[in-house]
Amino acid sequence: MTYNFNEIEAKWQKYWAENQTFKAENISDKPKFYVLDMFPYPSGAGLHVGHPLGYIASDIYARYKRHKGFNVLHPQGYDSFGLPAEQYAIQTGQHPALTTEENIKTYRRQLDQIGFSFDWSREVRTSDPSYYKWTQWIFIQLFNSWYNKDVDKAEDISGLIKIFASEGNSNVNAVCDDNIESFSSEEWKAFDTVKQQQILLQYRLTYLAETEVNWCPALGTVLANDEIVNGVSERGGHPVIRKKMTQWSMRISAYAERLLQGLEKIDWTDSLKESQRNWIGKSVGASVFFPILSFPKGEEKAGSLTRAGYMTGGNNSHLLLERAKEMRANPTQAEAVLWEQLRNKNLEAKFRQQHLIGDYIVDFVCLDKKLIVEVDGKIHENQLDEDAKRTEILENDDYKVIRFSNEEVLGNIDSVLKTIQEALSQRESVKDVLRMSEQIPPSGVRGIEVFTTRPDTIFGVSFMTLAPEHELIPQITTPAQKAEVDAYILATAKRSERDRMADVKTISGAFTGAYAEHPFTKQPIPVWIGDYVLAGYGTGAVMSVPCGDQRDYDFAKHFNIPIPNIFEGVDISKEAYASKDNVVIANSDFLNGLNYKEATKKVINELEKLGQGQGKTNYRLRDAVFSRQRYWGEPFPVYYVDGMPQMIDAKHLPIRLPEVEKYLPTQTGEPPLGNATVWAWDTNKNEVVSNDLIDNKTIHPLELNTMPGWAGSSWYFNRYMDPDNTEAFASKEALNYWKDVDLYIGGSEHATGHLLYSRFWQKFLFDKGLVPVDEYAKKLINQGMILGTSAFVTKVVPGLLKNNEKEFLAKGSKINPIFISSDRLKFIKQNENKCGLRFFIRDENTEDIFKLIEKLADKTEDFYSSKEETIGYDISFNLGHGFHTDVSFINASDELDIEAFKNWREEYKNAEFITEEDGTFKVKREVEKMSKSKYNVVNPDQICVDYGADSLRLYEMFLGPLEQYKPWNTAGITGVHGFLKKLWKLHVSEDGLNVTNEAPSKEALKTLHKTIKKVEEDIENFSFNTSVSTFMIAVNELTAQKCTSKEILEPLLVLLSPYAPHIAEELWEMLGHQTSISTAAFPKFDASYLVESSKVYPISFNGKTRFTLELPMDLNVQQIEKAVMAHEKTQEQLAGKLPKKVIVVPGKIVNIVG
RNA sequence: GCUCAAGUGGCGGAAUUGGUAGACGCGCCGGAUUCAAAAUCCGGUUCUUCGGAGUGUGGGUUCGAUUCCCACCUUGAGUACCA
């Protein structure tokens, strides 16, 4: 009997499905354990070998916990609303529900073939109305809630309405919009309902507010960020502007502090927690107001308190940055090819890809040379005007823009690179890059508002610094200083934020001539402007304390501004003292002698008395926009009366996604749901009716936006506990039994998206008493990525080299492409550098290459022809750069299947190959992210056919630590596959089962218990790679021992079953069991089998081991020393010298110090 | 720039509290089997001038350092001057 893995695996997968082996019970005496994988989006491309990595790890853990006697919940489902399906629908007209269904089928088939122990009876899909009914329901709960800071939790809005009616809003301590007008109870009662609703929206946890969106006037539509490429619409290439639109937002900022604090009690990876902390961005300090002492003429124009427009720049670049990131992740083929060349600095210049310049994202840029390289796809032809304009704007700012078509890049990368090289060489190196985005900070009337984290150092303020963009500057600058200030502003405007940041050494600034008044000393403080202060952060102004902040210190030193020392016993002659520890405040009036904490408290107190400041905690976390102008998402349960949103009663949910003709925005610029003809709410019949019936009395229009991708995934972990419940999102019993996820495994890319929003929703649900815990995942592990091993072929680029002159005429496109085996390159001598490109000498190693070129060139009439004179040209070649080739053409020894490669692409049909002497063609290999554009994707389906799911599972784990990034190399799978065959042979011979009831040998017991101990420790520590090695060692040892004892082999199968469940089940059954191995008890470790009577001591001299010596374990230190010293090898090593010292650690080591 | 993580054979990696560095596997080399190949099995495989040297580099602590400390270099990820 041989190990027929395909048959075995199909058999057990069928068995598990039919017997519902992994169905979790909601009522059980066993302790519960909840293992969850991050929600997958079912993409059309299917799985590659990198995807199942985390699933295999979580599956091993889930199976292990079942062996350990737990009732394990290990569900799986689909985050099935999403952009790709909608994009596909727009292109093909196919309903996204259909394509999603198709994709899920593929996904499920691929998951099933790997043998996961998912409880599929609990599958959920976010796009299923029975699921999104509850997403809508939670949205309604958020709408009907406000955040009461007094009790620090969310409460029902009805309580707030009561307070308004009884005492107005002046005593309400809520998280709400800024600048809310205050009103009395009488005023509240007098407001009409629309006004009341407007006010309530300012308090609700989800609210409608004006937010900026991307508006495309030419298309008459709003575009999502991903529909905008380089500042113009993806389709048609029309300009896009920022426009304010009313959008749903989530008041996540209310939970900023609790989201921060909650991180303390969850066992998530440190890097992930750190990302979330940064994202929340808490800083504690005070806001302080410094009045301006003297305004120049025209002070009546002093700025207002409104914040109009200040988000413009920041928001825009923030959105563009997101877009740029996406574009980096998903390059076109041409972009990928070019980037491959540029990033390796083959041109000796640093390039950045998809980089933000002003309001544009450019494909590639060398900032130092201000050179932009654009690769144009088909879309370029439709937007020549826009691109020309864009180029003009960029070139006005001293950039040089060069463009290539996709065909040029893909067809002749060498000439493209050469052109870039030439352009680079013609450009001066610059440090300044134009800064084009404008950010106007808000500011106080007749004064400067600052936020500081060090209010205790307020007596150390010797100047103020404003960002050059600060709106107050034109108003306060004195005529004498105007020329200098204007010149400075102009100069800094030419530098990008990035450059300002990178170049921290250059100190620059200008004095405005104005003075502010110190709140306590009432002394005038000079107001400067400097580019080290950023307009986009805080108020765009700082109180500069040179003795306590290094940037302020450097600025003061540079401009000879006094640096008063307010720290006792601290030397500030060399640098600022920025630490908050060991601080004793001095020269600070009422703060003298206090430490940081005391002084901070006291000064805030005093500022409040003056009305010139208060304690303030700043968070970077902003409320999250919740509307999407999209079709394929959850519809809002919202209709509009007099422009005010109304919630549909929960008993009428779900509000189903309506059918539409087209998935595009409407001609009037409304979201796709604007195309729906049956999309109005009848408040009498309580159902969705035709738009024709809208009378705005009983029948009203429904919301046209849909919810974003993160809506459904923010609470799905609770739904798995009770997925079929129609009365609630999950029953109280189920929620109280399962409570939270014990182990959550997924990628780190969700650090600040899904993982922050879902914690927010869980805390909200907890406040409302709907879930029993306020953190839903106790432990979270990020699995690393599996990288691809790309294969490259090197091209020979023939051409003509002009005698005595540094000029090379590439002629590669004139003849068939020539490729050279990578090992040949070692023997090719490089010519002296003639013009920056590499050329090669004609010698015995290259003779055949030159001959080949000559042969091919002779057949081509125009190879030698040139507009210039041809006399004096010599045939030559240089080496092109590596081209990706599909990894499926490469064998384990890195040899290319030349025929397959030739048939791959039309242009390679007649390619020539310069091979090794033995006729093989070697490729160069390099580790990169697995991606289609790099032709290094490995599909698990074929692996399952060739080696089986058990081999795949073991190999994925064997590759290395779970959380690490590691390259995939299919060749290595033979190792684990061989192990499984060996395991099989241990149990089954050609004549059948050869397991006996023979009593096990001592060695066999030792092997088994050593394995039990190690495997158990490994699983608990998520060190799955080392377990696989341990299994191999165990099987190697038992094979050597010729072990056939059931007493050994049976427990071994249980140990192995989480990793390789199919083979374990099969052998388990062959051993005579009637039921699945999945709940067999995990073997118990017995240390007594491992007790040794002797130890092989390493005998080391000065720490270097020279030989080993076996000694009984029961010897004491003196006896060991005696035995070692008496040994002939010891005397040999010592060569007659007396040792200075002998270190004996019983059971470990002997070290002789000479 | 800052923050974090990681640097060990040809490759993936192991060494869990400082105690025999390179487990296990791939690849490679040699052998057996075979007409031959695949598959399988056996042996070898850090380098070496055969004295030794050796875990990115240079220091330090220690009887002893891949492991602890300091400085630096490289790579990867995140972040964008957070006052």
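Caption draft 1: Up close: the sheet that holds strand S25 (residues 680-682). Strand order in this open sheet of three strands is S26-S25-S27, and the pairing throughout is antiparallel. Only two strands of the sheet have a single neighbouring strand rather than two, namely strand S26 (687-689) and strand S27 (699-701). This sheet shows a mean twist of 40° between the axes of neighbouring strands, independent of strand direction. Where S25 meets S26, three bridges bridge the pair, whose relative direction is antiparallel. The partner of Asp-682 across the bridge, within S26, is Glu-687.

Caption draft 2: Region of the structure containing the sheet that holds strand S5 (residues 174-175). Strand order in this open sheet of three strands is S4-S3-S5, and the pairing throughout is antiparallel. Here the strands that pair on one side only, and so sit at the sheet edges, are strand S4 (153-156) and S5. When strand S3 (residues 145-148) meets S5, the two strands line up antiparallel, connected through two bridges. For Tyr-147, the partnering residue across the bridge sits in S5 and is Val-175. Relative to S4, helix H6 (residues 157-167) is tilted by about 75°, and along the sheet it contacts S3 and S4.

Caption draft 3: Structural view of the nonpolar core. Among the nonpolar cores identified, the biggest contains 92 residues, and Trp-248, Phe-626, Phe-729, Tyr-744 and Trp-761 are the most heavily contacted of them. Top contributing element to this core by residue count: helix H5 (residues 129-143), with nine residues. Of the residues that make up this core, three or more belong to each of domain 1 (31-125 + 257-279 + 627-634 + 712-785) and domain 3 (638-705). Excluding residues that lie within four positions of it along the chain, Phe-626 makes contacts with Phe-139, Trp-248, Ser-249, Met-250, Phe-636, Thr-706, Met-707, Pro-708, Trp-710, Ala-711 and Trp-761. By size, the runner-up hydrophobic cluster in this structure holds 83 residues, among which are Val-35, Val-976, Val-1015 and Tyr-1059.

Caption draft 4: Structural context of the packing of aromatic side chains. Under the defined criterion, the tally for this structure stands at 76 aromatic pairs. Considering the side-chain rings of Tyr-737 and Trp-738, the 4.7 Å spacing of their centres and the 80° angle between planes classify their relative orientation as edge-to-face. Aromatic side chains Trp-904 and Tyr-908 sit 6.5 Å apart centroid to centroid with 40° between the ring planes, which places their arrangement in the tilted category. What makes Trp-904 partly exposed here is its relative accessible area of 22%.

Caption draft 5: The arrangement of the packing of helix H30 (residues 973-987) against helix H32 (residues 1024-1041) in detail. Where H30 meets H32, the closest approach of the two axes is 10 Å, and the angle between their N-to-C directions is 40°. In terms of orientation, H30 and H32 fall into the oblique class. Crossing of H30 over H32 shows left-handed handedness. Residue-level inspection shows Gly-975, Val-976, Phe-979, Lys-982, Leu-983 and Leu-986 of H30 in contact with H32, the latter providing Val-1028, Phe-1031, Met-1032, Val-1035, Asn-1036, Leu-1038 and Thr-1039. Among the residues making up the contact of H30 with H32, the classes are represented as nine nonpolar, three polar and one charged.

Caption draft 6: How the structure looks around the confidence of the model for chain A. Per-residue confidence for chain A averages 82 on the pLDDT scale, and 86% of its residues sit at or above 70. Here residues 295-319 scores under 50 on pLDDT; set against residues more than four positions off or in separate chains, the count is 37 contacts. Scored below 50 in pLDDT, residues 431-445 makes 64 contacts in the model with residues more than four places away or belonging to other chains.

Caption draft 7: How the structure looks around the pattern of salt bridges. All chains considered together, the criterion is met by 41 salt bridges. Where Arg-251 meets Asp-177, a salt bridge forms, and the shortest distance between an N and an O atom there is 2.9 Å. Linking Arg-251 in the loop between strand S10 (241-250) and helix H9 (256-262) with Asp-177 in the loop between S5 and helix H7 (185-190), this pair joins segments that are 74 residues apart in sequence. With a relative accessible area of 1%, Arg-251 lands in the buried category. You can call Asp-177 partly exposed: its relative accessible area is 25%. Salt bridges here are not isolated pairs; linked through shared partners, they connect Glu-101, Arg-108, Asp-112, Glu-123 and Arg-125.

Caption draft 8: Spotlight on the environment of Glu-1092. Here Glu-1092 lies in the loop between helix H34 (1061-1070) and strand S39 (1094-1101). By relative accessible area, Glu-1092 is classed as partly exposed at 41%. Between the alpha carbons of Glu-1092 and Lys-1006 there is a distance of 10.0 Å; along the sequence they are 86 residues apart. When near neighbours in sequence (up to four residues on either side) are disregarded, Glu-1092 contacts Lys-1006 and Met-1113.

Caption draft 9: Main features of helix H4 (residues 96-112). In this model H4 runs 24 Å from its N-terminal to its C-terminal C-alpha over 17 residues, within 8% of the 24 Å that 1.5 Å per residue would give. Where the residues of H4 are buried, they touch helix H2 (52-67), helix H3 (83-92) and helix H28 (940-946).

Caption draft 10: Here's a closer look at the pairing of S39. Bridge count between S39 and strand S40 (residues 1104-1112): eight bridges; the pairing is antiparallel. By the bridge assignment, Val-1096 is partnered in S40 with Glu-1110. Counted between consecutive antiparallel strands, the loop separating S39 from S40 contains two residues, among which Asn-1102 sits at a positive phi close to 55°. Of the pairings in the sheet, the one linking S39 to strand S42 (residues 1149-1153) comprises three bridges and is parallel in character. Its bridge partner lying in S42, Phe-1101 is registered against Ile-1152.

Caption draft 11: Seen up close, a nonpolar patch on the surface. A cluster of nonpolar side chains, namely Ile-1143, Val-1145 and Ile-1149, defines an oily patch on the protein surface of about 190 Å² accessible area. Along the chain, Ile-1143 turns up in strand S41 (residues 1141-1145).

Caption draft 12: Examining the side chain of Glu-335 more closely. When you line up the elements, Glu-335 lands in helix H12 (residues 333-343). Once residues within four sequence positions are removed from consideration, Glu-335 is found in contact with Gln-354, Asp-363, Phe-364 and Val-375.

Caption draft 13: Broad picture of the environment of Arg-1106. Its location among the elements puts Arg-1106 in strand S40. The partly exposed category is assigned to Arg-1106, whose relative accessible area is 47%. Each C-alpha atom, one on Arg-1106 and one on Gln-1133, is 8.3 Å from the other, the two residues being 27 residues apart in sequence. Beyond its immediate sequence surroundings of up to four residues, Arg-1106 is in contact with Ile-1099, Ser-1100, Phe-1101 and Gln-1133.

Caption draft 14: The arrangement of empty space enclosed by the protein in detail. All told, the structure shown has two cavities of 30 Å³ or more when counted by the stated rule. Empty space within the second largest cavity amounts to approximately 30 Å³. In terms of lining residues, the second largest cavity is bounded by Leu-53, Glu-956, Met-957, Gly-960, Pro-961, Leu-962, Lys-966, Phe-1024 and Asn-1025. Looking at the lining of the second largest cavity, the elements that each hand over two or more residues are helix H29 (949-958) and H32.

Caption draft 15: Up close: unusual backbone geometry. Cis geometry marks the peptide bond from Leu-653 to Pro-654, where omega comes out at 0°. Tracing the backbone shows Pro-654 in the loop between strand S24 (644-647) and S25. Despite not being glycine, Asn-560 shows a phi value in the positive range, around 55°. If you trace the backbone, Asn-560 turns up in the loop between helix H20 (550-559) and helix H21 (596-610). Notably, Lys-739 is not glycine yet its phi reads approximately 55°, a positive angle.

Caption draft 16: Expanded view of the environment of Asn-278. Mapping Asn-278 onto the fold places it in helix H10 (residues 270-280). As for Asn-278 and Leu-621, which are separated by 343 residues in sequence, their C-alpha atoms are 9.0 Å apart.

Cut-offs applied
Residues numbered from 1 in each chain as written. Chains lettered and ligands numbered in written order. Predicted model: local features only at pLDDT ≥ 70, side-chain atom pairs only at ≥ 80, totals over all residues. Heavy atoms only, no water. Pairing = 2+ DSSP bridges. Helix = DSSP H or I, 4+ residues; strand = E, 2+ residues; numbered from the N terminus. Axes fitted to C-alpha atoms, helices over the stretch in contact; angles between N-to-C directions. Contact = heavy atoms within 4.5 Å. Core = buried A, V, L, I, M, F, W, Y, C linked by side-chain atoms within 4.5 Å. Buried < 20%, exposed > 50% of the residue type's maximum accessible area, 1.4 Å probe, protein only. Domains from an automatic or database assignment. Phe/Tyr/Trp six-rings, centres within 6.5 Å; stacked < 30°, edge-to-face > 60°. Parallel < 35°, antiparallel > 145°, perpendicular 65-115°, else oblique. Left-handed = near helix turned anticlockwise from the far one by under 90°. Nonpolar A, V, L, I, M, F, W, Y, C, P; charged D, E, K, R; others polar. pLDDT = per-residue confidence, 0-100. Salt bridge = Lys/Arg side-chain N within 4 Å of Asp/Glu carboxyl O. Expected span 1.5 Å × (residues − 1). Patch = residues over 30% accessible without salt bridge, like charges linked within 9 Å, V, L, I, M, F, W, Y side chains within 5 Å. Areas by Shrake-Rupley, 256 points an atom, 1.4 Å probe, with all protein chains shown as cover. 1 Å grid on protein atoms, 1.4 Å probe; cavity = no way out; pocket = protein on both sides within 12 Å on 5 of 7 lines; lining within 4 Å. Points joined across faces, edges and corners; volume = space filled by probe spheres on them.

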